[in-house]
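Commentary on secondary and tertiary structure
Residue strings, one per chain:
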Amino acid sequence: PAAEVVVLPYSLLLSEKSRSSIGLSLKNALVIVDEAHNVPEALCSLSAIKVTLPMVETASVHLSAYTERYSARLAGRNLFYISQIRRCLVAMKKFMSNSAPSRMMSKAELIFALKLDNINFVKVDR
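I will try to describe carefully the structure that is included in this document. (Residues numbered from 1 in each chain as written. Predicted model: local features only at pLDDT ≥ 70, side-chain atom pairs only at ≥ 80, totals over all residues. Heavy atoms only, no water.)

1. Topic: the overall build of the chain
The helix and strand inventory of the chain stands at seven helices and zero strands. For the chain, the N- to C-terminal ordering of α and β elements is α-α-α-α-α-α-α. The C-alpha radius of gyration computed for the chain amounts to 21 Å, which surpasses the reference 14 Å derived for 126 residues by more than 25%, pointing to a less compact arrangement than a globule. Projecting the C-alpha coordinates of the chain onto the three principal axes gives extents of approximately 65 × 35 × 25 Å. Out of the 126 residues in the chain, the part that is buried amounts to 15%. Sequence separation of 24 or more characterises 57% of the internal contacts of the chain that already satisfy a separation of 6 or more. If you sum the accessible surface of the chain, you get close to 10,300 Å²; carbon and sulfur atoms cover 57% of it. (Helix = DSSP H or I, 4+ residues; strand = E, 2+ residues; numbered from the N terminus. Rg over C-alpha atoms; globule rule 2.2 N^0.38 Å. Buried < 20%, exposed > 50% of the residue type's maximum accessible area, 1.4 Å probe, protein only. Contact = heavy atoms within 4.5 Å. Areas by Shrake-Rupley, 256 points an atom, 1.4 Å probe, with all protein chains shown as cover.)

2. Some thoughts on the environment of Ala36
Within the secondary structure layout, Ala36 lies in the loop between helix H2 (16-21) and helix H3 (39-46). For Ala36, a relative accessible area of 43% puts it in the partly exposed group. For the pair Ala36 and Asn98, spaced 62 residues apart in the sequence, the C-alpha separation amounts to 37 Å.

Functional significance is not addressed by these values, which are geometric in nature.
This is the structure:
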């Protein structure tokens with residue numbers, strides 16, 4: 001075709017996985033964004049997650065159960081990383097219980113607010 005017009009929300013346009021799921025390629029495409037001043041907020045919401053106190057409490061219960069069941073089989077470094085995760089959950093629970101109303105924070109802001117900046121999250125993630 002000479003031209004194809006596609007109208008879609010920012011969430012589909014800005015997410016490669018979303019575009020792929022609907023078969024939309026931006027290769028050789030001219031993209032016109034209406035209300036472009038909303039793009040930064042749309043980008044933030046794409047990578048944002050909402051963490052609630054019940055989620056943190058449930059994760060803590062599951063981590064304790066996992067540790068109790070498998071601790072004899074785990075290597076020392078794995079137990080160390082589990083203790084780091086437990087430390088994060090405890091800090092999150094304390095922060096969320098004593099904190100002001102919810103707000104969006106970057107990962108770095110959250111790590112510093114929780115005083116967890118001395119944890120190597122890359123190693124814990126492995």
